[in-house]
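So you can see what is in the structure, the chains are spelled out below.
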Amino acid sequence: MHVTAARKQEQAPDTRQLATLLEVGQALSSPLELRPAMERVLEKLERDCGVVRAAVMMLSEDTNDIRIEVSLGFGPEASTVRYKMGEGITGRVVQSGRPIVVPAVSREPLFLHRALERRRGGPAEMTFICVPIVLSRKPAGALAVDLRYDEERDYESAQRFFAVIASMIAQALKVHRAIEDERKNLLDENTHLKSELQQRYDFSNIVGTSSPMRQAYEQISQVASTSTTVLIRGESGTGKELIAHAIHYNSQRAQKPFVKVSAAALPDTLIESELFGYEKGAFTGAMARKRGRFELAEGGTLFLDEVGELNMATQVKLLRVLQEREFERLGGTDTVKANVRLITATNKNLEAAIAAREFREDLYYRLNVFSIFVPPLRERRPDIMLLADHFLAKYARQHQKSIRRISTPAIDMLMAYHWPGNVRELENTIERAVLTCDGNVIHGHQLPPTLQTAEASGTAIKTSLSDAIEQYEKDLILDALKSARGNRARAARLLNSTERIIGYKIRKYRIDPRRFRQQSA
């Protein structure tokens, strides 16, 4: 009986320590910030282990000073205390990475008494234990505790116990720093991406110098700084979305979301819930509340493409949002305020749709506050080669190819084509040519068949084999003369021929080399 009782008394402290370690682990693994979690740890040490005072001290990576991060039982002056590496007991522990136990503080000459006066004649003698907090095998700080002096105390056991607490703090600190680094990286990446988007959609990056595009630039600059509703009109593939981006990223809402949705890409049964969201149980399958695009764009811009495809029911709700700046989610009764700038786009003749009763006239007037017309590519021919060169540089860099230019015959084909798909078709054409090109010049045969057939372009004609060979020979000579800036001798060397033969061919095909000299000038 007496043996059993003694064993229970020996085991009781271990059981209390295990319970303390469990609670410390729970505190450090909680979703709290690290500082409040460490404060809870010190409170548990005070309650369970008889700790009179305690402090978690951290090493500053910038100044190499040791400061008190969290403390218990110290006055407000403790927050200003600093230690140098190797200074006092704490400095030595952090420098060496080894614990130090001072059984009686008043008898230790190395004690600095900087955070708290512990002199002989005080209320009670104290024991001081300081253990390192180690991260990646390097000291990052220290855990220091004051205990009431007890000559029967097992100092080695106490030091081991507080070393375990310090290692748990170190693990929590490691996780906290990893999360902070990840958060900082995400914030930096977010800032960088926003900056890239703003630069990408700056007015200067919209390619085109033709008269219709200059007029569009002027309209964009007039409306960008306002919150006015904008209607962008133009054929498919003309770059309406690019202009919507430019308006947003050059407005006061540039730091807020830019949300886009295409009415043509969604069925009539989904477009309303996609725009305005829905409540839980609004329809079969609505298992939780969902925010609509208007809520996602709060404070920013909503770009609604193909607005002419909206059904009449959605048109009514959209009209209310524009008039009242509020709406209700599908299946809900709560009114949601909408601080959103609306930019819409369409390739549809809205006036004809109104006459056919397919589009609400009152909504049309609400949308058509400021209208921008994007011209088709066939009406801005001076921009074709500017765009072609822009896409050539873009995709050559993307596909890591060293393509420097487009041959003269290929340029003629690009300029002669009527581009029903507008800028989008031109971009796809140049990307295809970059992929199929195995040299540093894009030639006519590397362009799509649509640019080379009469059915598609109206520019090709039926010809005999001899005529086709002569045309190809003429194209080669034109290309060589362009590279040689009209110099016949240099063009002959480029074609591995003689100047006499090239001169004969120039006369045969009635080529004027002087025009290439004028181009270089």
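Parameters at a glance
Residues numbered from 1 in each chain as written. Predicted model: local features only at pLDDT ≥ 70, side-chain atom pairs only at ≥ 80, totals over all residues. Heavy atoms only, no water. Helix = DSSP H or I, 4+ residues; strand = E, 2+ residues; numbered from the N terminus. Buried < 20%, exposed > 50% of the residue type's maximum accessible area, 1.4 Å probe, protein only. Contact = heavy atoms within 4.5 Å. Pairing = 2+ DSSP bridges. Axes fitted to C-alpha atoms, helices over the stretch in contact; angles between N-to-C directions. Salt bridge = Lys/Arg side-chain N within 4 Å of Asp/Glu carboxyl O.

A. Expanded view of the overall build of the protein chain. When helices and strands are counted, the protein chain shows 19 helices and 15 strands. Looking at the 521 residues of the protein chain, the share that counts as buried comes to 42%. Considering only residue pairs separated by 6 or more positions, the protein chain has 65% of its internal contacts joining residues 24 or more positions apart.

B. Main features of the environment of Gln 219. With respect to the element layout, Gln 219 can be found in helix H5 (residues 211–224). The class of Gln 219 is buried, set by a relative accessible area of 18%. C-alpha of Gln 219 to C-alpha of Ile 247: the two residues are 28 residues apart in sequence and 10.0 Å apart in space. Dropping the residues within four chain positions of it, Gln 219 is found in contact with Phe 370, Ser 371, Ile 372 and Phe 373.

C. View of the sheet that holds strand E3 (residues 82–84). One open sheet holds the 6 strands; their spatial order is E3-E2-E1-E6-E5-E4, and the pairing between them is antiparallel. Each end of this open sheet is capped by a strand with a single partner; those strands are E3 and strand E4 (100–102). Strand-to-strand twist across the sheet, computed as the mean angle between neighbouring axes with direction ignored, equals 25 degrees. Strand direction decides the pairing type here: strand E5 (residues 126–135) and strand E6 (residues 138–148), joined by 10 bridges, are antiparallel. Along E6, the bridge assignment pairs Val 134 with Pro 139. Strands in contact with helix H2 (residues 34–49) are strand E1 (51–59), strand E2 (65–72) and E6; relative to E2, the strand with the most contacts, it is inclined by about 60 degrees. Packing of helix H3 (residues 88–96) onto the sheet brings it into contact with E1, E2, E3, E4, E5 and E6, and relative to E5 it is tilted by some 30 degrees.

D. Region of interest: the sheet that holds strand E7 (residues 230–233). Spatially, E8-E9-E12-E7-E13 is the arrangement adopted by the 5 strands of the open sheet, whose pairing is parallel. The sheet is open, and its two edges are formed by strand E8 (258–262) and strand E13 (370–373), each paired on a single side. Sheet twist, expressed as the mean angle between neighbouring strand axes with direction ignored, is 20 degrees. Examined bridge by bridge, E7 and E13 share 4 bridges and lie parallel to one another. Following the sheet pairing, Val 230 is matched in E13 by Phe 370.

E. Inspection of the pattern of salt bridges at higher detail. Using the criterion set out here, one finds 30 salt bridges in the structure. Two residues, Arg 35 and Glu 39, come together in a salt bridge whose shortest N-O distance is 4.0 Å. Here Arg 35 pairs with Glu 39, and both are found in helix H2, just 4 residues apart, close to one helical turn. Residue Arg 35 is classed as partly exposed on the basis of its relative accessible area, which comes to 42%. Since its relative accessible area comes to 35%, Glu 39 is described here as partly exposed. Asp 479 is the partner of Arg 405 in a salt bridge, and the nearest nitrogen-oxygen pair spans 3.1 Å. Separated by 74 residues along the polypeptide, Arg 405 in strand E14 (residues 405–406) and Asp 479 in helix H16 (residues 465–483) bring together distant segments of the chain. Under the relative-accessibility criterion, Arg 405 is labelled partly exposed at 27%. By relative accessible area, which is 11% here, Asp 479 ends up buried. Overlapping salt bridges bring together Glu 23, Lys 44, Arg 47 and Asp 48 as one network.

That's the geometry; what it means functionally is another story.
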